[in-house]
Amino acid sequence: QLLAGLLVTALSLPAVVPVSYAQGNSQTQANKQSQAQLEALVAPIALYPDPLVSQILMASTYPLEVSEATNWLRNNSNLKGDALNKALQQQNWDASVKSLVSFPPVLEMMGSQLTWTQNLGNAYKLQPADTMKAVQVLRKRAVQAGTLKSNQQITISTDPNSNILISPANTQVVYVPSYNPAVVYGAWPYPE
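Notes on the structure follow. (Residues numbered from 1 in each chain as written. Predicted model: local features only at pLDDT ≥ 70, side-chain atom pairs only at ≥ 80, totals over all residues. Heavy atoms only, no water.)

## Examining the layout of surface pockets
And step 1. In this structure, the second largest pocket occupies an estimated 220 Å³ of space.
And step 2. The residue makeup of the lining of the second largest pocket, split by class, is eight nonpolar, four polar and one charged. (1 Å grid on protein atoms, 1.4 Å probe; cavity = no way out; pocket = protein on both sides within 12 Å on 5 of 7 lines; lining within 4 Å. Points joined across faces, edges and corners; volume = space filled by probe spheres on them. Nonpolar A, V, L, I, M, F, W, Y, C, P; charged D, E, K, R; others polar.)

Put into structure tokens, the structure is as follows:
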């Protein structure tokens, strides 16, 4: 809902649930993150423009490819423009991972913190709505703290459901904000 391009598919389950599924489902329940954990996971990216958050969340579900892309970018940092695009086409990574090559600081953050990347991807796969809710909670805190405002790089707006949207001010350029999560959200409400 918040980010263009993110789709959640509803599946119809049969009336009789096989035992193997039931066991897997209970394991899935045990792996679910609390609201506090989800907010901590998304805190470093929640204030990024929506198109970038979308790509990060999708790419985080491919942590091995993120690692490969990070190493590849380090080894091919001299490639620019068409040469970079041509070289990227030869890689078999997910499109979301390829898109992050255009944002070296983001790819480096994800590639150097693979545990965080994998945890983010797992949370997004298992709890997409809860993950997006955590993004919204943090954005609302940042607005209340006065640290999230429209400027020359981003435009802040709300949709009919009161979700805070962050869009690039110039649709041709997506800026990667730099911020300290411990500061921009105000006082952290969770003791742990």
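Text resumes after the structure shown.
## A look at the side chain of Asp 159
And step 1. When you line up the elements, Asp 159 lands in the loop between β1 (154-158) and β2 (164-168).
And step 2. Buried charge Asp 159 goes without a salt bridge, the closest partner of opposite sign being Lys 140 at 7.8 Å.
And step 3. At a separation of 2.9 Å, a polar atom in the side chain of Asp 159 contacts the main-chain amide nitrogen of Asn 161. (Helix = DSSP H or I, 4+ residues; strand = E, 2+ residues; numbered from the N terminus. Buried < 20%, exposed > 50% of the residue type's maximum accessible area, 1.4 Å probe, protein only. Lys, Arg positive; Asp, Glu negative; His and termini not counted. Salt bridge = Lys/Arg side-chain N within 4 Å of Asp/Glu carboxyl O. Polar contact = N/O pair within 3.5 Å; in protein donor to acceptor, adjacent residues only side chain to side chain.)

## Here we look at unusual backbone geometry
And step 1. The phi angle at Ser 162 is positive, at roughly 65°, despite the residue not being glycine.
And step 2. Locating Ser 162 in the fold gives a position in the loop between β1 and β2.
And step 3. Accessibility expressed as a relative area gives 46% for Ser 162, which makes it partly exposed.

## Comments concerning the pattern of salt bridges
And step 1. Taken as a whole, this structure holds three salt bridges when the rule is applied.
And step 2. Across the salt bridge formed by Asp 50 and Arg 139, the nearest N and O atoms sit 2.7 Å from each other. In this pair, Asp 50 sits in helix α3 (residues 50-59) while Arg 139 sits in helix α9 (residues 128-145), placing the two residues 89 residues apart along the sequence. One exposure class covers both Asp 50 and Arg 139, and it is buried.
And step 3. Glu 108 is paired through a salt bridge with Arg 74; the nearest N and O atoms lie 2.6 Å apart. Taken as a pair, Glu 108 in helix α7 (residues 104-112) and Arg 74 in helix α4 (residues 63-75) lie far apart in primary sequence, 34 residues in all.
And step 4. Its relative accessible area of 32% is what places Glu 108 among the partly exposed residues.

## Considering the packing of aromatic side chains
And step 1. As enumerated under the stated definition, the model contains three aromatic pairs in all.
And step 2. Considering the side-chain rings of Tyr 179 and Tyr 185, the 6.2 Å spacing of their centres and the 85° angle between planes classify their relative orientation as edge-to-face.
And step 3. The exposure class of Tyr 185 is buried, given its relative accessible area of 2%. (Phe/Tyr/Trp six-rings, centres within 6.5 Å; stacked < 30°, edge-to-face > 60°.)

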